Amino acid sequence: MSIPTNDDNSRYTEVFDLVNRGVMADIYHRGYKTVNYNQLLNVTCIAHDAKYTCDCGQINEVNIEIIDSHAINGLIEEITFIDGHINTINPFAVTILKDHALLLKMDNISINCIESQAFKKFVVEQIDVRNCKFISSVPSKAFYEVEVLDTLNIIGVQFQDIHSRAFSFKMISKLTLIQNNFKSVDAEWLEAFIKEAVSIRENNFGQTSQIAFKAIMLHRDYVSNEKMELRFSNNTVSFRNQIRPLDFKDTFNLNIKRLYYDNEFSCHDVDVKQQPPQPKAAFFQQHKDQLYFRFNSNPDQSNDFILLSQFIANECRESTYWLHILAPSIGLLLLLIIIIIISFIVFLNKKQSDNN
């Protein structure tokens, strides 16, 4: 390895330290260096921001310009990114890892751009993505035909728009989505065949498609006399125009707890002829004691959430419902009567003054 002449001894020390730990590195005059980690991972990073821990594929505090196609495709068991930034992950950046890898982990990483099929056709024991930030939208098939033999954890991640089937998994044993924030999720954004368990809780999904979760399916190897439970707890969804029920596969035992709609509910969506009144949609009727909607109880304050069953009981009784319908008409009628009375009084006063 050739090293350009440089009076900065610290850079020489850094380079030889990297070489001693099995990392081939060159420092260029413009202050960048290209690192080939065990001839598996090619990254470009800013020299003074780079700090490497070079055991078992762990890369700490690195600003990576690009992870190129087929950069990670060799006999590697674990790859971990911690505390850094990745500008671009190209298609096929992560492909076949041995027979299967043990761990793919990202912790506190910001990703500017991830291309379609960036993570394609590999088998891994566990994928763990925590406290990361996706700066741009995630395209379809960003994760494509990936098998997770144990657990997929996505926890505390900030997402922009998630396109349809952005995450496409042939198999996941246990799926956990916790405390993530999304700008929007398209139809069937997550395609996953679940083998053991699925838990989705404390997420804000932003603008949500009615069939956002329809592609979460039961794996063919699941064998039990009971339906697998799909836990969906303390999540928030939103709809741009008309509110919609969420669709899930009926092969699951859907367990919804405290689902928040960032929308107002309307009595137009309630059958007030039933006693007591019931939501017209089966989903809203089945889960009315676990669904919360925005409710403007005080015009001077921001909207609070109200339980759907409570909203219907208070606001959608048949008499109350018709009062809501007729109130504007009654108000206009009263206003018209007042105008007529005032006009008549003015007319009488004018006539009386003319007679005098």
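Residues numbered from 1 in each chain as written. Predicted model: local features only at pLDDT ≥ 70, side-chain atom pairs only at ≥ 80, totals over all residues. Heavy atoms only, no water.

Looking only at helices and strands, one finds four helices and 25 strands in the protein chain. Relative to its full complement of 356 residues, the protein chain shows a buried share of 42%. For the protein chain, contacts bridging at least 24 residues in sequence account for 53% of all contacts bridging at least 6. Summed over its atoms, the accessible surface of the protein chain is roughly 18800 Å², and 49% of this surface lies on carbon and sulfur atoms. (Helix = DSSP H or I, 4+ residues; strand = E, 2+ residues; numbered from the N terminus. Buried < 20%, exposed > 50% of the residue type's maximum accessible area, 1.4 Å probe, protein only. Contact = heavy atoms within 4.5 Å. Areas by Shrake-Rupley, 256 points an atom, 1.4 Å probe, with all protein chains shown as cover.)

What the seven strands build is an open sheet, ordered E12-E14-E16-E19-E21-E24-E25; its pairing is mixed. Strands at the two margins of the open sheet, each flanked by one partner only, are strand E12 (161–162) and strand E25 (304–307). When strand E19 (residues 236–238) meets strand E21 (residues 259–264), the two strands line up parallel, connected through two bridges. Directly across from Thr 236, in E21, lies its bridge partner Tyr 260. Sitting on the sheet, helix H3 (residues 308–315) is in contact with strand E24 (291–295) and E25, with an inclination near 85° to E25. (Pairing = 2+ DSSP bridges. Axes fitted to C-alpha atoms, helices over the stretch in contact; angles between N-to-C directions.)

Now for the environment of Met 228. The topology assignment puts Met 228 in strand E18 (residues 228–233). The contact partners of Met 228, leaving out residues within four places of it in the chain, are Ile 194, Lys 195, Glu 196, Ala 197, Leu 218, Tyr 222, Thr 251, Phe 252 and Asn 253.

Time to look at empty space enclosed by the protein. Taken as a whole and assessed by the stated rule, the structure comprises three cavities of 30 Å³ or more. Approximately 50 Å³ is the volume attributed to the second largest cavity. Every element with two or more residues in the lining of the second largest cavity is listed here: strand E9 (123–130), strand E11 (143–155) and strand E13 (167–178). (1 Å grid on protein atoms, 1.4 Å probe; cavity = no way out; pocket = protein on both sides within 12 Å on 5 of 7 lines; lining within 4 Å. Points joined across faces, edges and corners; volume = space filled by probe spheres on them.)

On to the side chain of Asn 90. Mapped onto the elements, Asn 90 comes out in the loop between strand E6 (78–89) and strand E7 (101–114). A residue is classified by how much of its surface remains accessible, and Asn 90, at 15% relative accessible area, is buried. For Asn 90, the side chain forms a polar contact with the side chain of Asp 68, separated by 2.9 Å. Non-local contacts of Asn 90, meaning those with residues more than four positions away in its chain, are made with Ile 66, Ile 67, Asp 68, Ser 69, Glu 115 and Ala 118. (Polar contact = N/O pair within 3.5 Å; in protein donor to acceptor, adjacent residues only side chain to side chain.)

Alignment of strand E8 (residues 119–120) against E11, held across two bridges, turns out to be parallel. In the sheet register, Phe 119 faces E11, and the bridge partner there is Phe 143. As defined by bridge partners, E9 adjoins E11 across seven bridges and the pair is classed as parallel. By the bridge assignment for E11, Arg 130 is matched with Ile 155. With ten bridges connecting them, E11 and E13 associate as parallel partners. Note on E13: the bridge partner recorded for Leu 152 is Leu 175.

Here we take up the environment of Ile 216. Looking at the secondary structure, you find Ile 216 in strand E17 (residues 216–218). According to the relative accessible area criterion, Ile 216 is buried, its value standing at 0%. Once residues within four sequence positions are removed from consideration, Ile 216 is found in contact with Leu 190, Ala 192, Ile 194, Ile 200, Leu 230, Lys 249 and Phe 252.

A few words on the packing of aromatic side chains. What characterises a pair of aromatic rings is the spacing of the ring centres plus the angle enclosed by the ring planes. Going through the model one piece at a time under the given rule, you end up with 26 aromatic pairs. Between Phe 167 and Trp 189, the aromatic rings sit 5.9 Å apart at their centres with planes inclined by 90°, giving edge-to-face as the arrangement. Taken together, the residues span a long stretch of sequence, with Phe 167 in strand E13 and Trp 189 in the loop between strand E14 (184–185) and strand E15 (190–201) at a distance of 22 residues. By relative accessible area, Phe 167 is classed as buried at 4%. Seen in terms of ring centroids, Phe 213 and Phe 248 are 5.6 Å apart; in terms of plane orientation they differ by 10°. Their pairing is stacked. One end of the pair, Phe 213, is in the loop between strand E16 (204–208) and E17; the other, Phe 248, is in the loop between E19 and strand E20 (252–257), and 35 residues separate them in sequence. In terms of burial, Phe 213 and Phe 248 fall into one category: buried. (Phe/Tyr/Trp six-rings, centres within 6.5 Å; stacked < 30°, edge-to-face > 60°.)

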